[in-house]
Amino acid sequence: MNEISDEFKIVVVDAIKTLCLKYKQKHRTLMNFLSNMLRDEGGFQYKKAIVETILVIIAALPEAKEAGNKSNFIILFPSPLHQVPNHCHYRTFPLV
C-alpha cells in the first residue's frame with residue numbers, strides 16, 4: 001500500500017472500521033490488518049486515523065480488547081494513554 005496516497009488510505013481505514021462494527025466476529029482479522037497498516041509508512045493523519053479506529057473498535061467491542069492486548073504493535077500516540085484508565089483493572093492493595 002506504499003504507492004497509494006495517505007488520503008485514500010484514510011478512506012480504507014474508515015471502511016475497515018465500518019466493516020468491523022458491522023461484522024463483529026471478524027474483529028481479530030481486521031485488528032491484525034490495522035496493526036500491520038500501522039507499521040507501514042505514512043503520514044501523521046493516516047497513523048492518527050488508524051489509532052482512532054482501533055480505539056473505536058475496542059470501545060464498541062469488549063472482546064476486541066483481548067485482540068488488542070495480544071497484538072504485537074506499539075502505538076506511539078498520546079491518545080491511547082488517556083484510554084488506559086478506562087480499560088485497566090485497578091488494584092485495591094499495593095504490590096509488594
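The model shown is predicted, which means the values in this text are computed figures rather than measured ones. (Residues numbered from 1 in each chain as written. Predicted model: local features only at pLDDT ≥ 70, side-chain atom pairs only at ≥ 80, totals over all residues. Heavy atoms only, no water.)

1. Quick notes on the overall build of the protein
Within the protein, the secondary structure is distributed over five helices and zero strands. Its helices and strands in sequence order give the protein the pattern α-α-α-α-α, from N to C terminus. A buried classification covers 28% of the 96 residues belonging to the protein. Pairs at least 24 residues apart make up 64% of the contacts formed inside the protein by residues separated by at least 6 positions. When the accessible surface of the protein is split by element, carbon and sulfur atoms take 59% of a total near 6800 Å². (Helix = DSSP H or I, 4+ residues; strand = E, 2+ residues; numbered from the N terminus. Buried < 20%, exposed > 50% of the residue type's maximum accessible area, 1.4 Å probe, protein only. Contact = heavy atoms within 4.5 Å. Areas by Shrake-Rupley, 256 points an atom, 1.4 Å probe, with all protein chains shown as cover.)

2. Observations concerning the nonpolar core
With 18 residues, the main nonpolar core has Val13, Leu34, Met37, Ile50, Ile54 and Ile57 as its most contacted residues. Of all the secondary structure elements, the ones that give two or more residues to this core are helix H1 (6-22), helix H2 (27-39) and helix H3 (44-60). With eight residues, the top contributor of residues to this core is H3. (Core = buried A, V, L, I, M, F, W, Y, C linked by side-chain atoms within 4.5 Å.)

3. Quick look at the packing of H1 against H2
The N-to-C vectors of H1 and H2 enclose an angle of 160°; their axes lie 10 Å apart at closest approach. Classified by the interaxial angle, the pair formed by H1 and H2 is roughly antiparallel. Of the two possible hands of crossing, H1 and H2 adopt the one that is left-handed. In contact with Lys9, Val12, Val13, Ile16, Leu19 and Cys20 of H1, H2 contributes His27, Leu30, Phe33, Leu34 and Met37. Here the contact of H1 with H2 is built from residues that sort into nine nonpolar, one polar and one charged. (Axes fitted to C-alpha atoms, helices over the stretch in contact; angles between N-to-C directions. Parallel < 35°, antiparallel > 145°, perpendicular 65-115°, else oblique. Left-handed = near helix turned anticlockwise from the far one by under 90°. Nonpolar A, V, L, I, M, F, W, Y, C, P; charged D, E, K, R; others polar.)

4. Some words on H1
Taking 1.5 Å of rise per residue, the 17 residues of H1 would be expected to cover 24 Å, and the 24 Å separating its terminal C-alpha atoms lies within 8% of that figure. Those residues of H1 not exposed but buried are Lys9, Val13, Ile16 and Cys20. Looking down the long axis of H1, one finds its buried residues gathered within 60° of arc, a one-sided arrangement. When the buried face of H1 is taken as reference, the exposed residues oriented beyond 90 degrees from it are Glu7 and Lys22. (Expected span 1.5 Å × (residues − 1). Arc of directions from axis to C-beta.)

Purely spatial values, then, with no claim about function.
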